[in-house]
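Structural features, examined
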Number of protein chains: 4
Amino acid sequence: MTQLRMGMVGGGPGAFIGDVHRRAACLDGDVELVAGVFSTSAATSRRMGRELGLSRARTYGSYLDMVERERALPADQRIDFVSVVTPNHLHFPVAKAFLEAGFHVVCDKPMTLTVTEARRLKQIVRRSRRVFALTHNYTGYPMVKLARDLVRAGDLGALRKVVVQYPQGWLSTRLERTGHKQAMWRTDPARGGAAGCIGDIGSHAENLAEYITGLRMLELCADLTTFARGRRVADDGSVLVRFQQGVRGVLLASQISVGEENGLAIWVYGDRKGLEWHQEAPNVLRVTSQDGPFEVWSRGNRYVAARSPAAARASRLPAGHPEAFLEAFANVYRNVTDVIRARHTRTRPDPLAADFPDVDDGLRGMLFIDAVVKSAASRQKWIKVPAR
Amino acid sequence: MTQLRMGMVGGGPGAFIGDVHRRAACLDGDVELVAGVFSTSAATSRRMGRELGLSRARTYGSYLDMVERERALPADQRIDFVSVVTPNHLHFPVAKAFLEAGFHVVCDKPMTLTVTEARRLKQIVRRSRRVFALTHNYTGYPMVKLARDLVRAGDLGALRKVVVQYPQGWLSTRLERTGHKQAMWRTDPARGGAAGCIGDIGSHAENLAEYITGLRMLELCADLTTFARGRRVADDGSVLVRFQQGVRGVLLASQISVGEENGLAIWVYGDRKGLEWHQEAPNVLRVTSQDGPFEVWSRGNRYVAARSPAAARASRLPAGHPEAFLEAFANVYRNVTDVIRARHTRTRPDPLAADFPDVDDGLRGMLFIDAVVKSAASRQKWIKVPAR
Amino acid sequence: MTQLRMGMVGGGPGAFIGDVHRRAACLDGDVELVAGVFSTSAATSRRMGRELGLSRARTYGSYLDMVERERALPADQRIDFVSVVTPNHLHFPVAKAFLEAGFHVVCDKPMTLTVTEARRLKQIVRRSRRVFALTHNYTGYPMVKLARDLVRAGDLGALRKVVVQYPQGWLSTRLERTGHKQAMWRTDPARGGAAGCIGDIGSHAENLAEYITGLRMLELCADLTTFARGRRVADDGSVLVRFQQGVRGVLLASQISVGEENGLAIWVYGDRKGLEWHQEAPNVLRVTSQDGPFEVWSRGNRYVAARSPAAARASRLPAGHPEAFLEAFANVYRNVTDVIRARHTRTRPDPLAADFPDVDDGLRGMLFIDAVVKSAASRQKWIKVPAR
Amino acid sequence: MTQLRMGMVGGGPGAFIGDVHRRAACLDGDVELVAGVFSTSAATSRRMGRELGLSRARTYGSYLDMVERERALPADQRIDFVSVVTPNHLHFPVAKAFLEAGFHVVCDKPMTLTVTEARRLKQIVRRSRRVFALTHNYTGYPMVKLARDLVRAGDLGALRKVVVQYPQGWLSTRLERTGHKQAMWRTDPARGGAAGCIGDIGSHAENLAEYITGLRMLELCADLTTFARGRRVADDGSVLVRFQQGVRGVLLASQISVGEENGLAIWVYGDRKGLEWHQEAPNVLRVTSQDGPFEVWSRGNRYVAARSPAAARASRLPAGHPEAFLEAFANVYRNVTDVIRARHTRTRPDPLAADFPDVDDGLRGMLFIDAVVKSAASRQKWIKVPAR
């Protein structure tokens, strides 16, 4: 399989998510990181590039510089795509610059700082005819794909109720005052967005619910709170949701749920069956009904593949050999790079490869975040979530 | 220990909860059922009385008859208290009649059909100077008492967030059309109340949250839904809650969560620690923090008794010998009957015995239900929950 | 239902298991404790009788006295059966005395101190034509009955492997030197038997394995250890087992598994399916296969009743309302007393009522214990377990 | 960090474990696969090499050819180490050839077919002065390292009891007759060894127990069974074990435990605390005591790093972002390659890097397997496990 050349913007020393992107992209051995700008400080960027084994020539001082010079390279040397893993406020300008220069883009979430940016990015993507992917990595888990496929196939019957929660405890104290970089930009409205935990993790929960159910949110009612005294963004949010087709839901996102680690979980109930999935025990999916024992479906088995080719494609190891966060993240990359590779070879990609979050998901994420912020400030009960 | 004589109103053949009350009251061998009216049909009532080994003379045809004739018996024969286990619409008149005749009353929840009735009952109880208890049985679990005591002692620090959920699936289909008695009255607004699942199980969730946190709800915002076509009450409800002291919460109650059995569970987060408890695994309490391993406290151990004499008092078996629903229910009865017994002997009851839900809890439950129903019909976001 | 009159030998103040027997026997309200001798000290026995509300006349000073005087009472007053809940060394003489006097007997396990006693007791029971039951209470759990019924029905295919374990930690230290009564007699070879943990809890594991599989042990190979320095009986044992029909097994019993509470658990594997059950989470049974999701069967559901009427009969509460240790114990009593009651009325008992451990189970238990002790002392690998 | 050049012998199309080795070795981006022989068929080997992006020149037709030609390459081109991932019978000759030619070797387990080979290999390794590592990958899990470090630090007190089990169900049927390659060689005594499941997975269990406790097995007593009719090796084994220092143990390995996936798990009990770890939920370690709640230690937290720098070094992601099988496997490679790299640079490796299974572990594994096979055939109870 042809190796793709990857560039990166962001992901300097100590940036948890940049490292994850690099590992995920390279997990299957068919992507190589060849260029990047890793920090707003040129020196730091260079140091990081060296550490990553990049040539000095392709460790850049700014993303504009990078766009310029990568574009100038011969086609068989220049990067095939760039991963944007900066704090949120830079997603838009960086993605825009690369797209307009003809590069495919993988971007971390939430997609932009504002709905306006998101709508503009959608147009830019369309005009650019480039691949744009958003790393809502949790939809990369095989059992999430199985869940979606069981819902699609009608196993649950008509859907009724969705509960999705994302409790974390790491911001229980004012970590941002201890020099903790990620806490700092995530709690800075200018860099992380005004929505705090809703933007940071609530948008994952929203994406997960929509991915599995295939339904859009129509309106919502939110309560946002800032518990840590002096913090400038909300660190806890609870949202009542009305989805299409009369489905009701509740979405919880919290970063002050002390002692919780990364507890994304979802329950979906139809009129025939229900299902339950937990990110911290990702290899299994619980399926329930009133008429028989509840079932625990386990990744890597033939009976899973029989119901969800997407889940099978997203598995690398046999049953009982647990896969986890990194593999799920890599599944997003694998699908994106398969599509990019097919563009290069002018072939049809595996139809299952188109299964990654795109600019529409990103826009819906921003519309969700925006509606939550509006609702939190409103005395009106229901706030509409626009379709686009 | 002197045996107390118990009477019962309701709890005829096939009534799940009547049987539970009888078993719970008698579990410790110091209560004896001696009189009752078990059905609106005198013949059925008599048949039930016979089955329960009651004398014919004390199996009555109506509760008014029972009040009359029990009152006429010598003090050492007449019942010491009555348990009211009828459908909800009869709680008020029956409790009223017995209280006014000088009997202590144990009443199933929700306390009444309306707030007005609840407020009147409160006055009646006060004037009667009788003991009145409400069987919010889930607060009888030892690990719930431990949870409350850890909160009280400040282990969690300042409270911030409460999530309480009560998913069931048994009303996923229109069971009420199959002749299922309990489904029938519970989905009949005239007998079960207008709030459906919120009255039936949401009130348990409300009571549990208030019991553990010691905080009252100030305002709430609810979404109620009826999913089963043709059903006349809500079978699903989600509620945003604002408690005293800035504590935020979410309360979920659902009877269409297909495949769920009786999944009452609660999470409470403070600024130091969090806790989690599940009714279906009631012998353990999870305590979490950011700074160390999470802990699983297990019923029956000395380290539990050291932190919660109430939990120790509520345990009958050593650790590892699981106790469950029936014992928790019996704990409510044991506390109530200890208090009644102390009245008889003009002694002070064990201070721990006063730990059972009373008419104030019942009134708060009705105020909660009422606020939820109002909120569901309102376009205004926050609905106040009156203090009394 | 006619109340049966129960007598008790043993179960004085602080005796955990005596209290359990009383509660279990009386749980369904159709048994009344009317007589007993509760201690070798007459004064203590009297005090206990008073506490239990017995008449002074029927609180005896010795079991021989009790046999004598109960026999002399009119048939409609004398006890219908006696429960023997003394330390192990008294099981045989007490049971013998009551059986020979014409009383039915319920006896705690292990049945006797020696195989010789066990064989004699079997003859005594046969000659007496009385009901004799042994409280291997764990077989009273509904999900254990379901497990047995699934095995019987062939769901697992031909059985292959059984793993049964019973880890406890309460004897990790020399509790017997702190005045702890139960630890004292259980670690005294003269009162608890020479086999220590194998007699005390290993025999439960053996009984559970045989109950579910329907297979006898043919030979075994054991390693017994005494870890607590100075203790006179083994506090840990591991046993390789060969059952009938080529089934292989492993049985573990330990009282020094520090931190474990009462972790009896069993795994049974056939050539088609497997099953797993844990005493500390007794309301569910896991069923596994290679071809589909694993299943969790949950007590109280119709699909359980459909496969196991015995499990349904052994349930008092609906699904999700957990039942536990006490109910399981009571199920043994209910079956025994139903059979006794049928004897009284010369009717056929419910065929499901014959489902309780009897003198043959008790003898097999003693043969197992004896073989383990022999094996532990032997350099020979396999020690036969005689059939009777 | 300098990239190391890796060669591979074995791991052709469809070989599960070869793919795992490649992914694991390359996970951290500092190892590159550059040469190999992937099959006994030269054509298949070439096809595989092409698929893996190797140059044709370095895809060899036999391992002897590979040794010869790699040795002839300039030092800055030839492989730095080779991974041997063939069926078991080839481990010895292949490892020998590479070691004697001066290459470092990573070898899959069990190390050899026979004890004689193992002893010879140990001498060869010593003489060669090369690094030799065995991929007992389960010891690569961070929480296993934490377990070892808690034991070492004395948290458990004096050890008493070890239970280690490795149940699988995939060989419940005669998969080897369906053309399933891995089932075929694993059930062929000539290629997989005579010990069947004991060699394949029992040796992992043995290694895990010794790794965590630091204790060697002194003697054992085993029961081996072949359940699948016609199979030529044992598919189930149970072993009583006596470790150094009076510690007793039980080791179970089974490939007919129908419905189990890859259930390696261990319990270790000391006189103060106990611990429990499950491979299928590898991110947590349960720690128990008699005196307080049981604790669940979770990977990625500071309190884990504080007690086990080795666990911290073996973690790539923060708490709540689960790591799994692949990362654990990669941890073995990372330690080995750090040591090899230090050799190259004549520096001291990180002291924590020496933490991987070596030829002594491999020899002990073979001595264990050999003793089990002897015991299974013997009428004598205890069979010694030689120290070397």
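Rules behind the numbers
- Residues numbered from 1 in each chain as written.
- Chains lettered and ligands numbered in written order.
- Predicted model: local features only at pLDDT ≥ 70, side-chain atom pairs only at ≥ 80, totals over all residues.
- Helix = DSSP H or I, 4+ residues; strand = E, 2+ residues; numbered from the N terminus.
- Rg over C-alpha atoms; globule rule 2.2 N^0.38 Å.
- Contact = placed C-beta atoms within 7 Å.
- Nonpolar A, V, L, I, M, F, W, Y, C, P; charged D, E, K, R; others polar.
- Core = buried A, V, L, I, M, F, W, Y, C linked by C-beta atoms within 7 Å.
- Buried ≥ 20, exposed ≤ 12 C-beta atoms within 10 Å, placed from the backbone.
- Least-squares fit on C-alpha atoms with pLDDT ≥ 70 in both.
- Pairing = 2+ DSSP bridges.
- Axes fitted to C-alpha atoms, helices over the stretch in contact; angles between N-to-C directions.
- Domains from an automatic or database assignment.
- Parallel < 35°, antiparallel > 145°, perpendicular 65-115°, else oblique.
- Left-handed = near helix turned anticlockwise from the far one by under 90°.
- pLDDT = per-residue confidence, 0-100.

Turning our eyes to something else, we now look at the overall build of chain A. When its secondary structure is counted, chain A shows 13 helices and 14 strands. On C-alpha atoms alone, chain A measures out to a radius of gyration of 21 Å, which is about the 21 Å that the 2.2 N^0.38 rule sets for 388 residues. Of the contacts made within chain A by residues no fewer than 6 positions apart, 69% connect residues no fewer than 24 positions apart.

Below, the discussion takes up the interface of chain B and chain A. Listed by partner, the interface residues are 35 residues for chain B and 35 residues for chain A. Elements with a contribution of two residues or more to the side of chain B that touches chain A: strand 6 (159–167), strand 7 (217–225), strand 8 (236–243), strand 9 (248–254) and strand 10 (265–270) of chain B. At 4 residues, strand 9 of chain B tops the list of elements feeding residues into the side of chain B that touches chain A. For the side of chain B that touches chain A, the per-class residue count stands at 10 nonpolar, 14 polar and 11 charged.

In terms of nonpolar packing, the biggest core is built from 524 residues, with A:V372, B:V372, C:V372 and D:V372 touching the most fellow members. What C:V372 contacts, discounting residues up to four positions off in sequence, is C:A195, C:I198, C:G202, C:L220, C:A222, C:L224, C:G237 and C:V239.

For the rest of this paragraph, the subject is the relation of the copies chain B and chain D. Each copy of the sequence occupies a distinct position, and chain B is placed on chain D by a rotation of 180° and an axial shift of 0.0 Å, giving an RMSD of 0.0 Å. What we have between these two chains is a two-fold relation. Within chain B, the C-alpha atom positioned nearest to the axis of rotation is that of B:E295, 2.3 Å from it. Most of the interface of chain B is mirrored in chain D, where 100% of its interface residues are also at the interface.

Residues and elements named next belong to chain C. Read from one edge to the other, the open sheet built from 5 strands follows the order 2-1-3-4-5, with strand pairing classed as parallel. In the strand order of this sheet, the two ends are held by strand 2 (31–37) and strand 5 (132–134), each with one partner. When strand polarity is set aside, the average angle formed by the axes of neighbouring strands in this sheet is 25°. As defined by bridge partners, strand 4 (residues 104–107) adjoins strand 5 across 3 bridges and the pair is classed as parallel. Following the sheet pairing, V106 is matched in strand 5 by A133.

Turning next to the relation of the copies chain B and chain A. Rotating chain B by 180° and translating it 0.0 Å along the rotation axis places it on chain A, where the RMSD comes to 0.0 Å. When the interface residues of chain B are mapped onto chain A, 100% of them again lie at the interface, so the same face is used by both copies.

Turning next to helix 1 (residues 16–26) of chain C. Among the residues of helix 1 of chain C, C:G18, C:V20, C:H21, C:R22, C:A24, C:A25 and C:C26 are the ones counted as buried. Looking at the buried residues of helix 1 of chain C, the elements they touch are strand 1 (4–10), strand 2, strand 3 (81–85) and helix 12 (325–345) of chain C.

This next bit is on the domain arrangement of chain A. Residues and elements named next belong to chain A. The assigned domain composition of chain A is domain 1 (4–138 + 333–357) and domain 2 (140–318 + 365–376). Centre-to-centre, using C-alpha coordinates, domain 1 lies 25 Å away from domain 2. Counting residues at the interface gives 18 residues for domain 1 and 25 residues for domain 2. Taken together, the residues of the side of domain 1 that touches domain 2 sort by class into 10 nonpolar, 6 polar and 2 charged.

Moving on to the environment of D:V250. Tracing the backbone through its elements, the reader meets D:V250 in strand 9 (residues 248–254). In sequence terms D:V250 and D:L220 are 30 residues apart; their C-alpha atoms lie 9.2 Å from each other. Beyond its immediate sequence surroundings of up to four residues, D:V250 is in contact with C:S238, C:V250, C:L252, D:V163, D:L240 and D:V241.

All names here are of chain D. By the criterion of burial, strand 6 (residues 159–167) is predominantly enclosed, with 9 of the 9 residues buried. Bridge count between strand 6 and strand 10 (residues 265–270): 6 bridges; the pairing is antiparallel. Pairing of V163 across the sheet is with W267, part of strand 10. As paired elements, strand 6 and strand 9 share 7 bridges and run parallel to each other. Its bridge partner lying in strand 9, V162 is registered against G249.

Turning our eyes to something else, we now look at the interface of chain B and chain D. How big an interface is tends to be stated in terms of the accessible area lost upon association of its parts. Residue-level contacts link 10 residues of chain B with 10 residues of chain D. Residue composition of the side of chain B that touches chain D, grouped by class: 6 nonpolar, 2 polar and 2 charged. By the bridge criterion, 3 bridges tie strand 13 (residues 294–298) of chain B to strand 13 (residues 294–298) of chain D in an arrangement that is antiparallel. By the bridge assignment for strand 13 of chain D, B:F294 is matched with D:V296.

Take the sheet that holds strand 5 (residues 132–134) of chain A next. Whether parallel or antiparallel, the strands of a sheet pair through hydrogen bonds between backbone atoms. All names here are of chain A. Here we have 5 strands laid out as an open sheet, ordered 2-1-3-4-5, and parallel in their pairing. Of all the strands in the sheet, just strand 2 (31–37) and strand 5 have a single pairing partner and so form its edges. The average undirected angle you get between the axes of adjacent strands in this sheet is 25°. Here strand 1 (residues 4–10) runs beside strand 2; their pairing, made up of 6 bridges, is parallel. The residue bridging L4 from the neighbouring strand is V31, located in strand 2. Its contacts with the sheet put helix 12 (residues 325–345) on strand 1, strand 2, strand 3 (81–85), strand 4 (104–107) and strand 5, and the angle it makes with strand 1 is roughly 125°.

With that settled, consider the packing of helix 9 (residues 197–213) of chain A against helix 13 (residues 359–376) of chain A. Residue and element names in this part refer to chain A. The contact between helix 9 and helix 13 brings their axes to 9 Å, and the two run at 120°. Accordingly, the angle class assigned to the pair helix 9 and helix 13 is oblique. Considering only the axes of helix 9 and helix 13, their crossing is right-handed. Of the residues in helix 13, those touching helix 9 at I198, G199, G202, S203, E206, N207 and E210 are D361, R364, G365, F368, I369 and V372. A per-class count over the contact of helix 9 with helix 13 returns 4 nonpolar, 5 polar and 4 charged.

Here the focus is the confidence of the model for chain A. Predicted confidence across chain A gives a mean pLDDT of 96, with 100% of residues reaching 70 or more. With pTM at 0.97, the complex prediction returns an ipTM value of 0.96.

Moving on, we come to helix 6 (residues 142–152) of chain D. The element helix 6 of chain D is largely enclosed, with a buried count of 9 among its 11 residues. Within helix 6 of chain D, the full set of buried residues consists of D:P142, D:M143, D:V144, D:K145, D:L146, D:A147, D:R148, D:L150 and D:V151.

Our focus in this paragraph is unusual backbone geometry. Glycine aside, a negative phi is what most residues show, and trans is what most peptide bonds show. With omega at -10°, the peptide bond leading from B:K109 into B:P110 counts as cis. Here B:P110 lies in the loop between strand 4 (104–107) and helix 5 (115–128). Positive phi outside glycine occurs at B:R129, with the angle close to 55°. Positionally, B:R129 belongs in the loop between helix 5 and strand 5 (132–134). Judged by local crowding, B:R129 falls into the exposed class, with 9 C-beta atoms found within 10 Å. Non-glycine residue C:Q245 carries a positive phi angle of around 60°. Positionally, C:Q245 belongs in the loop between strand 8 (236–243) and strand 9 (248–254). A tally of 13 C-beta atoms within 10 Å means that C:Q245 is categorised as partly exposed.

Below, the discussion takes up the pairing of strand 9 (residues 248–254) of chain A. Residues and elements named next belong to chain A. In terms of burial, strand 9 is a largely internal element, 7 of the 7 residues being buried. What you see with strand 9 is no split at all: R248, V250, L252 and S254 on one side and G249, L251 and A253 on the other are buried throughout. Of the strand pairs in this sheet, strand 8 (residues 236–243) and strand 9 are connected by 7 bridges, and their pairing is antiparallel. Bridge pairing in strand 9 places L240 opposite V250. What sits between the antiparallel neighbours strand 8 and strand 9 is a turn of 4 residues, in which Q245 has the positive phi angle 60°.

What follows covers the environment of D:A24. All names here are of chain D. Mapping A24 onto the fold places it in helix 1 (residues 16–26). On the basis of neighbour count, A24 is assigned to the buried category, with 26 C-beta atoms found within 10 Å. Note: C-alpha distance between A24 and G61 (37 residues apart in sequence) is 24 Å. With residues up to four places along the chain from it excluded, the contact list for A24 reads L326, F329, A330 and Y333.

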